[in-house]
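Geometric and topological summary
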Amino acid sequence: QDPNAYVLVTSQYEDEPERIVISRSKKSQYNCGKVTGARCALALYDNALTFITEAEGLVKKKLYMSARLSYMQALTRLTEAKIRLDRSKTVSYKDYKIAVTDGFEDKVKNTIKLCERQIFLLQWNNQ
């Protein structure tokens, strides 16, 4: 019924969190192109915020499964942003400053926690 629906395959083993296996979405992962390190992480974070805003709108419409999938899409971007930050902050002082001194690393971690919490809560609304 949702015209913006996503097709997503997830996997979950025993006590581990749910993981996305295959994502067939109209919205592709952000392509960093020539941008690297913290700059790419910032772009991924902004892209994740778009999905979070979309998910909040879907919750208001009571489209809980679609909202949950939007949060999962945001989580994939945030996880990639965290990986890129972790790698780049040891290579470049500029990236280190963005990640640690400016507090971007904590912002990404907190947003990851928000998405994980919302995914968990929406799982209960969907049953």
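Throughout what follows, the structure given in this document is the object of discussion. Please read all numbers here as calculations on a predicted model, not as lab measurements.

Per the counting criterion, the structure on display carries two aromatic pairs. When the ring of Tyr45 is compared with that of Phe104, the centres are 5.4 Å apart and the planes differ by 80°; the resulting orientation is edge-to-face. In this pair, Tyr45 sits in helix 1 (residues 37-60) while Phe104 sits in helix 4 (residues 104-125), placing the two residues 59 residues apart along the sequence. For Tyr45, a relative accessible area of 8% corresponds to the buried category. Ring geometry for Tyr93 versus Tyr96: centroids 6.5 Å apart, planes at 25°, classification stacked. With Tyr93 and Tyr96 both in helix 3 (residues 93-101) and three residues apart, this pair spans about one turn of that helix. According to the relative accessible area criterion, Tyr93 is exposed, its value standing at 61%.

In the structure shown here, the tally under the stated rule is four salt bridges. In this structure, the salt-bridge partner of Asp86 is Lys82, at a minimum N-O distance of 3.1 Å. Note that Asp86 and Lys82 are positioned in helix 2 (residues 64-88) at a spacing of four residues, about one turn of the helix. Taking relative accessible area as the criterion, Asp86 reaches 30% and is therefore assigned partly exposed. Between Lys97 and Asp102 there is a salt bridge; the shortest N-O distance is 3.8 Å. Taking relative accessible area as the criterion, Lys97 reaches 36% and is therefore assigned partly exposed. Since its relative accessible area comes to 49%, Asp102 is described here as partly exposed.

Reading guide: rules and limits
- Residues numbered from 1 in each chain as written.
- Predicted model: local features only at pLDDT ≥ 70, side-chain atom pairs only at ≥ 80, totals over all residues.
- Heavy atoms only, no water.
- Phe/Tyr/Trp six-rings, centres within 6.5 Å; stacked < 30°, edge-to-face > 60°.
- Helix = DSSP H or I, 4+ residues; strand = E, 2+ residues; numbered from the N terminus.
- Buried < 20%, exposed > 50% of the residue type's maximum accessible area, 1.4 Å probe, protein only.
- Salt bridge = Lys/Arg side-chain N within 4 Å of Asp/Glu carboxyl O.

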